[in-house]
Amino acid sequence: MQIKGVLFDFSGTLFRIEPVDAWLRAVLDARGTAVGQDDFERYARRLTEAGALPGGPGPERIPPSLAAVWAERDSSARRHREAYTGMARQAALPDPDLYEALYERHMSPAAWQPYPDAAEVLRGLRRDGTAVGVVSNIGWDLRPVFRAHGLDELIDVYVLSYEHGVQKPDPGLFRTACSLLGCDPAEVVMVGDDRHADAGAAAVGCDVRFVDHLPVAERPDGLRALGLTGSAG
């Protein structure tokens, strides 16, 4: 196929969220909240088990009271915040204001790190004249993350679930993205890490390629290995 457009997922594909312990530590330090090491480790473990960090480990269980909002969490900013602060509240923290503070922290550009080859691949696509979009299941505006890391100028369009009220794998989100890129879906590659959500692009005719959702240090060239630039296609 001739690749005229590439769509990327955000979390676990182009960027990775900081670990749970770093997330918690950043918030505690910013608020001047001191806790002992044993307590800190317990809080971090319970937040991990709860799946409270967006982009981090999934929950071990979903409380029945949160099941409905969790299922639709990426369809609106309100649901996303409600779902993740609700999951965080499954962990008893020393200050009730910490739950909102943790949610705010995860939207900070400082909480995200691009994969080592992300800039190289995006620049290669720009050099090749390939249209590039980001399609993400998310409840907040991730554009500042791309700007802070110097990658926004390499993205042509953003299609974010909460702005459209629909979540991947719904084909409508991918159809919208291809339309905004001005590309026939048959000439577009979707790159993601979620074999369920991102595979929805195949329903509109896109080629779908996957990377592994690994820590940044463990995936130095996952995007480069997909052969999207240069003689690819």
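The coordinates are above.
1. Focus: the overall build of the protein
1) Next: Assigned secondary structure in the protein consists of 9 helices and 7 strands.
2) Next: On C-alpha atoms alone, the protein measures out to a radius of gyration of 18 Å, which is about the 17 Å that the 2.2 N^0.38 rule sets for 233 residues.
3) Next: Relative to its full complement of 233 residues, the protein shows a buried share of 48%.
4) Next: Long-range contacts, defined here as pairs at least 24 residues apart, represent 68% of the contacts in the protein between residues at least 6 apart.
5) Next: Summing over all exposed atoms, the protein offers an accessible surface of approximately 10200 Å²; the carbon and sulfur share of this is 47%.

2. Overview of the environment of His 149
1) Next: Mapped onto the elements of the fold, His 149 is located in the loop between α7 (143–148) and β5 (157–160).
2) Next: Since its relative accessible area comes to 30%, His 149 is described here as partly exposed.
3) Next: For the pair His 149 and Ala 110, spaced 39 residues apart in sequence, the C-alpha to C-alpha distance is 9.2 Å.
4) Next: If sequence neighbours within four positions are ignored, His 149 has contacts with Phe 15, Pro 109, Trp 112, Gln 113 and Pro 114.
5) Next: At 3.1 Å, the side chain of His 149 and the backbone oxygen of Pro 109 are in polar contact.

3. Description of the packing of helix α1 (residues 20–31) against helix α2 (residues 37–50)
1) Next: Across the interface, α1 lies against α2 with an axial gap of 9 Å and an inter-helix angle of 120°. Taken together, the axes of α1 and α2 lie oblique to each other. In terms of crossing hand, the pair formed by α1 and α2 is right-handed. Contacts between α1 and α2 involve Val 20, Asp 21, Trp 23, Leu 24, Arg 25 and Leu 28 from the former and Gln 37, Phe 40, Tyr 43, Ala 44, Leu 47 and Thr 48 from the latter.
2) Next: Its residues assigned to classes, the contact of α1 with α2 comprises 8 nonpolar, 2 polar and 2 charged.

What counts and what doesn't
Residues numbered from 1 in each chain as written. Predicted model: local features only at pLDDT ≥ 70, side-chain atom pairs only at ≥ 80, totals over all residues. Heavy atoms only, no water. Helix = DSSP H or I, 4+ residues; strand = E, 2+ residues; numbered from the N terminus. Rg over C-alpha atoms; globule rule 2.2 N^0.38 Å. Buried < 20%, exposed > 50% of the residue type's maximum accessible area, 1.4 Å probe, protein only. Contact = heavy atoms within 4.5 Å. Areas by Shrake-Rupley, 256 points an atom, 1.4 Å probe, with all protein chains shown as cover. Polar contact = N/O pair within 3.5 Å; in protein donor to acceptor, adjacent residues only side chain to side chain. Axes fitted to C-alpha atoms, helices over the stretch in contact; angles between N-to-C directions. Parallel < 35°, antiparallel > 145°, perpendicular 65-115°, else oblique. Left-handed = near helix turned anticlockwise from the far one by under 90°. Nonpolar A, V, L, I, M, F, W, Y, C, P; charged D, E, K, R; others polar.

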